[in-house]
Amino acid sequence: MFVIGLQEVNSMINKRLKDALFSDQWSEAFMDILSPFSYVLVSSVRMQGCLLLVFAKYFHLPYLRDIQTDCTRTGLGGYWGNKGGVSIRLSLFGHMVCFLNCHLPAHMENSDQRVDNFESILQLQQFQGPLANGVLDHDLVFWFGDLNFRIDDLDLYFVKSAIQGSKLSLLWEKDQLNIAKCCEPVLSGFMEGPLTFPPTYKYDVGTNTYDTSSKKRKPAWTDRILWKMKNPISPSDTSCSMSEGMSVTLLSYGSHMHYTESDHKPVSAIFSVKFSACLVAPLVHIWVRDEWILPSDARVTYRWSPIYIKSSWDWIGLYKVGFRHYKDYVSYVWVKTEDDTDGGRYQHQVMFSEESLPKGTGEYLLGYYSNNISTLIGVTEPFQVSTCTFLLVNIVNKGNYRKILTDSLVTNNCSTGFYLHGSASFRGLHAFSTKKELGFKRINCKLF
């Protein structure tokens, strides 16, 4: 999975109106980057400049359930969303996981306010369902963002000298978040990897140089990634935590200095999460032929799990391999409910119409969209769709007709076609294809 949290995204009124009508540019950019690797946007939530995106492999989608989002404003006494938190929670193979992206108050003197705001976010964010109502009720919580904690007491010269001398450990005990974790009950149990990368704030934009403006802000680790398990077993080290049926291991944690577009440096972490799978089967199974060549091949068989609550608004989408989100279908067909079928059988069939099928050849897959759960709850393995346009051409003599016909296939985005050859030695109906195993072949038929 990829989980991406952004803060201070352009939230001017004209920009927000454009993003409301169309998908925002950041979401589009990440979908463009990740979709070729089979990652699909699972969910997103935005509050002014705070954006959270969750991506997963398409074949994991049926095992991601109970997806909900929430947001909490803490700016201007809770009326403005320039500060606060956005979250996405979901059931991951039966384990409840919550991702919380926060942008907390700035400035050195506001450490207590940052803790208070975080506590308010935890109290105000509530989800539906019996398994996890609050953020900390989840089996695993990831908390990250521009948390804005600074380095206390030490002066600017000492901090910069420690950074330049690669003696970052001299700064850790004065980091406000490290201090707060030791004394604030709301932060108890949150874990973080070692801060072995330079402070991520504040840089001159376009450079790797710390603030040279008249304010000369002291460098700080404002951008952080932490996690917490609901019922942890005492870990053996600070990079690993365990609970019954689940373990979390931090594989890497660092900043990315080559990005210079902001006065912050982005931070990333890679985790290995191991767990026993509480969900072993999707709510819907789908069967389809390995290749669709004729319109009659576009037949889909599906069966619901007995526990699934179906809806007359459920549908099955045909997706090109590399699709970006559940709405990125080529075509779709409504499913049948028990009222539509004989005897209320669990197994049903639907057909895609010939007009709805894509032209040409490509790899596709099917996904069953649940209206009640608002996600894809069943997907197939990729299969081939091969449709073509029939081209009728009268060939008087050989000439360079093979190149002309092959080019026509490419132009019409199909792999196979037919033509009539009118010369004495080649008269008849011929098939031609861009596939090497077919090539150019004469078909025995009677011409009228």
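No experiment lies behind these values; they were computed from the predicted model shown.

Basis of the calculations
- Residues numbered from 1 in each chain as written.
- Predicted model: local features only at pLDDT ≥ 70, side-chain atom pairs only at ≥ 80, totals over all residues.
- Heavy atoms only, no water.
- Pairing = 2+ DSSP bridges.
- Helix = DSSP H or I, 4+ residues; strand = E, 2+ residues; numbered from the N terminus.
- Axes fitted to C-alpha atoms, helices over the stretch in contact; angles between N-to-C directions.
- Buried < 20%, exposed > 50% of the residue type's maximum accessible area, 1.4 Å probe, protein only.
- Salt bridge = Lys/Arg side-chain N within 4 Å of Asp/Glu carboxyl O.

A.B. asks: Even after reading the chapter, I still don't get the sheet that holds strand β18 (residues 347–351), so can you show me in this structure?
C.D. replies: One open sheet holds the 3 strands; their spatial order is β13-β15-β18, and the pairing between them is antiparallel. Looking at strand neighbours, the two that pair on one side only are β13 (284–287) and β18, the edges of this open sheet. Taking the axes of each pair of neighbouring strands and ignoring which way they run, one obtains an average angle of 25° across the sheet. Bridge count for strand β15 (residues 299–304) against β18 is 5 bridges, and the pairing is antiparallel. When the bridges of β18 are listed, tyrosine 302 appears paired with histidine 348.

A.B. asks: Before we go on, may I ask you to explain the pairing of β13 in this structure?
C.D. replies: The side chains of a regular strand alternate between both faces of the sheet. Residues of β13 alternate between two faces, with Val284 and Ile286 buried on one and His285 and Trp287 left unburied on the opposite face. Relative to β15, β13 is paired through 4 bridges, and the arrangement is antiparallel. Residue pairing for β15: isoleucine 286 is matched across the bridge by tyrosine 302.

A.B. asks: Just checking my understanding: could you explain the sheet that holds strand β3 (residues 50–57) for this structure?
C.D. replies: Strand pairing in a sheet relies on backbone hydrogen bonds. The paired strands run either parallel or antiparallel. Here we have 3 strands laid out as an open sheet, ordered β1-β3-β2, and antiparallel in their pairing. On the outer flanks of this sheet lie β1 (2–6) and β2 (39–47), each paired with one strand and no other. Going from strand to strand, the sheet's axes swing by 10° on average, the running direction of each strand aside. Sheet analysis places β1 next to β3, joined by 5 bridges and oriented antiparallel. Bridging from a neighbouring strand, phenylalanine 2 pairs with phenylalanine 55 of β3.

A.B. asks: What is the right way to read unusual backbone geometry from this model?
C.D. replies: Excluding glycine, residues mostly carry a negative phi; peptide bonds, for their part, are mostly trans. Cis rather than trans, the peptide bond between tyrosine 201 and lysine 202 has omega equal to 0°. For lysine 202, the location among the structural elements is in the loop between α6 (176–183) and β8 (223–229). Its identity is not glycine, yet serine 166 carries a phi of approximately 55°, on the positive side. With respect to the secondary-structure elements, serine 166 resides in the loop between α4 (156–164) and α5 (169–172).

A.B. asks: Looking at this model, I keep getting lost on the pattern of salt bridges. Mind explaining?
C.D. replies: Note that side chains of opposite charge can pair when their charged atoms are close. Per the counting criterion, the structure on display carries 9 salt bridges. Of the charged contacts in the structure, one is a salt bridge between arginine 89 and aspartate 66, with a shortest N-O distance of 3.0 Å. Of this pair, arginine 89 sits in strand β5 (residues 80–92) while aspartate 66 sits in strand β4 (residues 64–75), and the two are 23 residues apart along the sequence. Accessibility expressed as a relative area gives 0% for arginine 89, which makes it buried. Overall, aspartate 66 belongs to the partly exposed group, its relative accessible area being 30%. Across the pair lysine 174 and aspartate 153 runs a salt bridge whose closest N-O atoms are separated by 3.1 Å. Separated by 21 residues along the polypeptide, lysine 174 in the loop between α5 and α6 and aspartate 153 in the loop between β7 (140–146) and α4 bring together distant segments of the chain. Judged by relative accessible area, aspartate 153 falls into the exposed class, the value being 64%. Via salt bridges that share partners, Glu28, Asp32 and Arg324 belong to a single interconnected network.

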